[in-house]
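# Descriptive structure summary
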Amino acid sequence: MLNRILKALGVAALLPMPAFAETTTSFTLDNGMDVVVIEDHRAPVVVQMVWYKVGAADEPAGKSGIAHFLEHLLFRGTENLAPGEFSETVAANGGSDNAFTSWDYTAYHQRVAADRLGLMMQMEADRMRNLKITEADMLVERDVVLEERNQRTDSDPGSLFSEQRNAAQYLNHPYGVPVIGWRHELEKLNAQDALDFYQEYYAPNNAILIVAGDVNPDEVLAMAQEHYGPLAPTEGLEARVRPQEPPQLSERRLTLEDPRIGQSYLLRSYLAPERDAGDQKTAAALTMLAELLGGSPTTSYMAKRLQFDEQIAVYTSAWYNGMSYDDTTFGMVIVPVPGVSLDEAETAMDRVLAEFIADGIDAEHFERIKMQSRAGQIYADDDVASLARRYGQALTTGLTLADIEAWPELLQSVTAEDVLEAAQTVLDRNRAVTGRLVKPEILQ
Amino acid sequence: MIRFLSVIMAVLLSALPLRAEIAIQQVTSPSGIKAWLVEEHSIPFTALEISFKGGASLEAPEKRGATNLMMALLEEGTGDMDARAFAAAREALAASMSFDAGDDSVSISARFLSENRDEAMALLRGAIVAPNFDQTAIDRVREQVLSNLRSDDQDPGKLAAARFDALAFAGHPYATSRDGTQETVSALVRDDLIAVKNGSIALDRVYVGAVGDITAEELGVLLDTLLGDLPAVGASMPDHVDFGANGGVEIVEFNTPQSVAVFGHAGIKRDDDDFFPAFVMNRILGSGGFASRLTEEVREKRGLTYGIGTYLVPKEHAEFVFGQFASSNDRMAEAIDVVRSEWARMAQAGVTDQELEDAVTYLTGAYPLRFDGNGPIANILVGMQMQGLDVDYIATRNDKIRAVTREDIARVAAELLDPDALLFVVAGQPEGL
C-alpha cells in the first residue's frame, strides 16, 4: 500500500498482498513514480496503464480543455517518435492503445502480448518527458477535438444538459467546467498552453504505473527501473488544492429545452462527500444507499414505488461514485410515463424519498445487495483490465492501496442506520441541482 | 481519447483467434444438445452463452419488434414469480442473465457462481422455457420499447442507418429495424410473443458455449435440464437478399451542428475464398483505427472527424461493406470526397508491402488478446459454431492471414470496392451536397 511503501533505495521492497483476491504488488521508484502490479496468469496478455494525477480540474482558468487536448497531442510524436508512430508500433505488435481524461486524472494504456511490455514501457516513458508539438499538428488536432465536442456534446442534448447541471452544481470548484472544454476556450488553445501543462504535470513523481496480466513483479520492477527510473521528476510540484465550494444556501434549478430529445426527464444531483483516504465510511453508506434506492431497474425502492406500484415512471435510477478527489455528487433520475408531467414526477419522487427514510430498510433487499457485492469480488478477478482501471482511479483520487483493500469489507459492514443517516444528511434539496430536460412542445 | 467505436456489429469471426493453450471440449448432453466447453477452475463461476440462429428476421413485417419485445420479457416473470420476484431471486444468487435479440439470432448470456449453480439454472430455465408474459409486464416493457423508439427518432446516427437499410434491403426483414415501429409494437399481443418465442427459441438452431468452473459431465446434465423442454423445431429461415441500392448521396434532414454519415455497398460472404484478403484489406482501408488510411486522411491530416471506421458485414442473409463517421455540416462534403478517393485508390492500386506486413503483424499478434475472460471466450465459442467453423480453425486462422498476398488484395479490392457504387446517407444539414 502506498502509505507503507518502502522507498526504493536501489533495492525496492516488494509487498505482496494476499488479502486481495487478486495478487497485487507495489513499489515506488527513486524518482517518486508509484508502481502497482496485478497478476493474472491465465492468458499471456498484459495491460500497461500510466495514470497522471492531473486532470481537467487542475487546468488554469480560461484554458478549459487543455488537459484533454494535451492527451490527444501525446499521440502526435516525441523527439524519438514520429506523429502516430506510438499507436502504429502498438498495432504492429498486435496490441491496442488509447487514453482518457477526467477531472482528476489522465491515463494512457496499452494491451499487448505479455512479452512486449518492455517496448510499451520504453515508448510510454519517452512521451512522459520528450513530447514534441509542431504548430501544424496542433492545429489539426484542435480540429479533431472540436469535432469530438461536436459529436459527443453538442450533438447530444443529454450531454449538454449534463454540462449545464455540472456548471450549476459547482459555483467555485473546477468540476463545474467540462473536461472537453468550453468551445470558446477550446478554439483558442495553443501549443504553448499544452506544453506548459505537460512540463509541470507529466513527471514520474506525479504518475502511477499499473501493470496487470501475465507478469512477474520482479521483472516489472526491473523493467520499470530501466525505462522510467532515469526520468527526472518535476521539482517543487505543489499539492493538489483546488478552489472549494462555498456553503450552498439555496436550491438550484434549471430547465434545458431541446427539440432533439425523445423523452423529457428530471435529474437531481446532491453535493456529497467522496471517499477519503482512511475515511470511507460515509461513502460506503452512500454507495449502499444508491443501490437500495435506484441500483436496479426492477427491485430498487424507487423502481418498486414509482414504476411498479404507482406507475408514474417508465424509468428511475440512483447512483453515486465515491472515487473523486474533491466533493462528488449523489444523483437520481426519473423518466415519467406519458401523461405524467415533470412536476408530478418530481413531487412523487420527493414523497418516495421521504417514505424511504421513514419506512426503514428492507433487510432482505439489503442482504441481496451485499451478496452481489461479495460476488462482485469473484467476478472482478475475471477482468483484469477493469481491475487495473479501478486501481488507477482510486489512486489518482487520493486513495491508497489500503483504502482499496478495506473497501469491500466496509461495504459489507454498512448498517441500515448508516444508510438512513447518510440519506438524511445528503438528500437535502438545498444542496442539490434539479434539472429538467424538456421537449419544447411540452411547455406549450 | 476513447476512440470512436461503431455500434454496429463488426465482430468478424476471423478476428477472433484462440490461444493455443485454450482446450475446447466438444460436449454432447445425454439428450443430444451439443456445446463447446473450456474448463477454467481457477475462479468459482461459469459463463454460459446460448444462441439460437434466426432471430428477429424470422418475424413477419406486420409483427416487427415482436422478437425484441419477447426477449425483453423473458426475465419478467415465470411460474409464481412476477418480474420483481424474478429479479430479486436472481440478485439473491448474484447471477447475471441477459437476453438479446439480433437480426440473425437471439442470445442468452448468463454468469453464475459455482456455489449456487443449480438454483441459478433453475431460475434461468423458467425464463427460457416457461415465461409468463403477463399482460402488465407486456404493457410496461412495451412502454420502455416505445420510449426508446421515440429517442431513436431523434438520433441522427439511427436515422441515417434506418434510411440506409431501407434503400439497401427493400422487401427483406433487414430493410426495417428489428425494434419495430410505434405502430407495429403498439399492435403486438401476447399470442404474437408466444409465436415468435416458439419460432426462434428451438433446439434445431441452438449453439452453446460454456467457460469456467464446470466439467463436461456437469454441463451435459445442466443443458438437458435447462433446454430439454424447448420445441424441437422452429420457424423457417428468410431468403438471401442482394444489396439493392445505387450509389450516391441521400440526405435525411435533421437539425444538428454535426452531420452523421453512413455509407456502404455490396460485400463478401464469410465463407468466400476471398474473405481473408478482403478482411486484411479492410483493416488497412478503414477498420484499423489509427493504422487505417481513412483515419489518417480524414482525421489525422485534415481534422474532419473525431472518428471513422469501415467494416465487412457478412450477415446471415446479406453481405455488405459499411462505414460511418460524423463531421460538421460545413465539412461533410469534403469528408465524403476523401472517402470516395480513398475507396478509388484502394480499388486501383491495392496496398503496399509495408501496409500488408503491418496489418498481418497486427492481426496475428492480436491473436491472444481477445480471450480476456470467461464471458468473452464463451461468446467466441458460440460465434465459431454459428459460422460453421470447427475447433481446428483456431490452429489455422493465423496461417490464413499470413497467406494473404498483395496480389490477392489488389484483385479482391478491384472486385469489391467501387466508389461510384457507394451509397452515403447523411443525417443533418450538410452544406454543398
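Residues numbered from 1 in each chain as written. Chains lettered and ligands numbered in written order. Predicted model: local features only at pLDDT ≥ 70, side-chain atom pairs only at ≥ 80, totals over all residues. Heavy atoms only, no water.

## Quick word on the domain arrangement of chain B
Residues and elements named next belong to chain B. In terms of domain boundaries, chain B breaks down into domain 1 (13–227) and domain 2 (248–369 + 390–428). The straight-line distance from the C-alpha centre of domain 1 to that of domain 2 is 30 Å. Counting residues at the interface gives 26 residues for domain 1, matched by 29 residues for domain 2. Together, the buried faces of domain 1 and domain 2 total about 2,400 Å²; carbon and sulfur atoms form 73% of this surface. Scanning the region where domain 1 abuts domain 2 turns up three salt bridges. Between Glu 250 and Arg 163 there is a salt bridge whose closest N-O contact spans 3.0 Å. (Domains from an automatic or database assignment. Contact = heavy atoms within 4.5 Å. Buried area = accessible area lost by both parts, 1.4 Å probe. Salt bridge = Lys/Arg side-chain N within 4 Å of Asp/Glu carboxyl O.)

## Details of the sheet that holds strand S9 (residues 248–253) of chain B
Strands sit in the order S9-S13-S10-S12-S11 (chain B) across an open sheet of five strands; the sheet is mixed. In this open sheet, the two strands that pair with only one neighbour each are S9 and strand S11 (308–314) of chain B. Along the sheet, successive strands turn relative to each other by an average axial angle of 20°, direction set aside. Direction of pairing for S11(B) relative to strand S12 (residues 319–328) of chain B: antiparallel, over a ladder of seven bridges. Bridge pairing in S12(B) links B:Ile308 to B:Phe325. Running over the sheet, helix H4 (residues 135–154) of chain A touches strand S10 (258–266) and S12 of chain B and is turned about 105° from S12(B). (Pairing = 2+ DSSP bridges. Helix = DSSP H or I, 4+ residues; strand = E, 2+ residues; numbered from the N terminus. Axes fitted to C-alpha atoms, helices over the stretch in contact; angles between N-to-C directions.)

## Quick notes on the interface of chain A and chain B
In this assembly, 54 residues from chain A lie in contact with 62 residues from chain B. Approximately 5,100 Å² of surface area, both sides summed, lies buried where chain A meets chain B, with 55% of it carried by carbon and sulfur atoms. Of the charged contacts in the structure, one is a salt bridge between B:Arg299 and A:Glu141, with a shortest N-O distance of 3.4 Å. Our count for the chain A to chain B interface comes out at 20 residue pairs in polar contact (both at pLDDT 80 or more). Those elements that place two or more of their residues in the side of chain A that touches chain B are helix H1 (66–73), helix H2 (85–92), strand S4 (96–101), strand S5 (106–113), H4, helix H10 (301–309) and helix H12 (363–380) of chain A. The element contributing the most residues to the side of chain A that touches chain B is H4(A), with ten residues. Its residues placed into classes, the side of chain A that touches chain B shows 21 nonpolar, 15 polar and 18 charged. (Polar contact = N/O pair within 3.5 Å; in protein donor to acceptor, adjacent residues only side chain to side chain. Nonpolar A, V, L, I, M, F, W, Y, C, P; charged D, E, K, R; others polar.)

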